[in-house]
Amino acid sequence: MTFFLLAAEMVTFCILVFPLPYTIRKRLFRFLSENFIVAKIAYGLKISFIFVGILFLDALQRMFRVAAEADIIKHEGMKDVRTESSVAARKFYAQRNMYLTGFCLFLSLVLTRTFYILLDLIHTQEEYAKLKKATANSSKNTVVLEDQAKQIEDLKKKLAESEAKSRDFETLKKQATQQAAEYDRLATEFNKSNGLVSDKKAD
């Protein structure tokens, strides 16, 4: 069981770190993080890793016990070939089990951490894409607002010029009216002084 778990972890780790396209990686991680069946499998694997941890502690304890027996045999000078072979075989099996279960537990921690790091990376890339899109839209809106502000300024200038021309026209019209009235007054006085009847007076 431990060997198959270790092999499955190695295959899964290779799949996670394989340089997949962003779209495929995003769909894969969304499936792994949101699928109900995958969540059940992950829960079962957590229970399995608890048993693997117990096996690791047992293998570690056996390895220390066998090493202590080997030291006792070495110090007492017992040179029995069968005993030495039996102790060496038990020590080998204990070390093998310890390395196998230890690497299985270690790789499970590495695999879990790698999965969450890549998941955070995908979320960060999504947020960056949204922020980039929002920035592009705001830049477009800023350009539109700047164009509208320029148009408003141009219209204000044209309006000010039109109002200035209108005021100049009204002033010129008033001056022309005053000059015409003054001309009529002078013409009337001139006609009176010469004893003439002004046509404009008659009008």
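Residues numbered from 1 in each chain as written. Predicted model: local features only at pLDDT ≥ 70, side-chain atom pairs only at ≥ 80, totals over all residues. Heavy atoms only, no water.

Turning our attention to the packing of aromatic side chains. By the definition in use, this model includes four aromatic pairs. Ring geometry for phenylalanine 3 and phenylalanine 4: centres 5.9 Å apart, planes at 65°, overall edge-to-face. You'll find phenylalanine 3 and phenylalanine 4 in the same group, each marked exposed. (Phe/Tyr/Trp six-rings, centres within 6.5 Å; stacked < 30°, edge-to-face > 60°. Buried < 20%, exposed > 50% of the residue type's maximum accessible area, 1.4 Å probe, protein only.)

Two packed helices can be described by the angle between their axes and the distance between those axes. Taken N-terminus to C-terminus, the directions of helix H1 (residues 2–17) and helix H3 (residues 36–76) make an angle of 125°; their axes are 11 Å apart at the nearest point. As summarised for this structure, H1 and H3 are arranged oblique, according to the angle between their axes. Taken as a pair, H1 and H3 cross one another with a handedness that is left-handed. Every residue of H3 that contacts H1 at Thr2, Leu5 and Glu9 is listed here: Leu45, Ser48, Phe49, Val52 and Leu55. Considered class by class, the residues forming the contact of H1 with H3 number five nonpolar, two polar and one charged. (Axes fitted to C-alpha atoms, helices over the stretch in contact; angles between N-to-C directions. Helix = DSSP H or I, 4+ residues; strand = E, 2+ residues; numbered from the N terminus. Parallel < 35°, antiparallel > 145°, perpendicular 65-115°, else oblique. Left-handed = near helix turned anticlockwise from the far one by under 90°. Contact = heavy atoms within 4.5 Å. Nonpolar A, V, L, I, M, F, W, Y, C, P; charged D, E, K, R; others polar.)

Attention now goes to the nonpolar core. In this structure, Leu16, Phe29, Leu111, Phe115, Leu118, Leu119 and Ile122 together form the largest nonpolar core, which totals seven residues. Membership of the second largest hydrophobic core comes to six residues, among which are Leu5, Leu6, Val52 and Cys104. (Core = buried A, V, L, I, M, F, W, Y, C linked by side-chain atoms within 4.5 Å.)

Attention now moves to H1. Here H1 contains 16 residues, and its C-alpha end-to-end distance of 22 Å stays within 8% of the 22 Å for a straight helix at 1.5 Å per residue. Where H1 is concerned, the buried positions are Thr2, Leu5, Leu6, Glu9 and Leu16. Taken down its axis, H1 places every buried residue within 95° of arc, on the same side. Structural note: H1 exposes Phe3, Phe4 and Val11 on the side pointing more than 90 degrees away from its buried face. (Expected span 1.5 Å × (residues − 1). Arc of directions from axis to C-beta.)

Structurally, the position occupied by serine 108 is in helix H4 (residues 81–194). For serine 108, a relative accessible area of 11% translates into the label buried. As for serine 108 and leucine 5, which are separated by 103 residues in sequence, their C-alpha atoms are 9.2 Å apart. Contacts of serine 108, omitting those with residues within four sequence positions, involve Glu9 and Phe49. There is a polar contact of 2.4 Å between the side chain of serine 108 and the backbone oxygen of leucine 105. (Polar contact = N/O pair within 3.5 Å; in protein donor to acceptor, adjacent residues only side chain to side chain.)

The next point concerns the pattern of salt bridges. Scanning the model with the defined rule gives three salt bridges in all. Here lysine 26 and glutamate 126 are joined by a salt bridge, their closest N and O atoms 3.4 Å apart. You can see lysine 26 sitting in helix H2 (residues 22–34) and its partner glutamate 126 sitting in helix H4, a full 100 residues away along the chain. Here aspartate 58 ties to arginine 62 by a salt bridge, and the two come within 3.3 Å at their closest N and O atoms. With aspartate 58 and arginine 62 both in helix H3, this residue pair falls four residues apart, about one helical turn. Given a relative accessible area of 43%, arginine 62 falls into the partly exposed group. Members of the salt-bridge network, linked through shared partners, are Lys26, Arg30 and Glu126. (Salt bridge = Lys/Arg side-chain N within 4 Å of Asp/Glu carboxyl O.)

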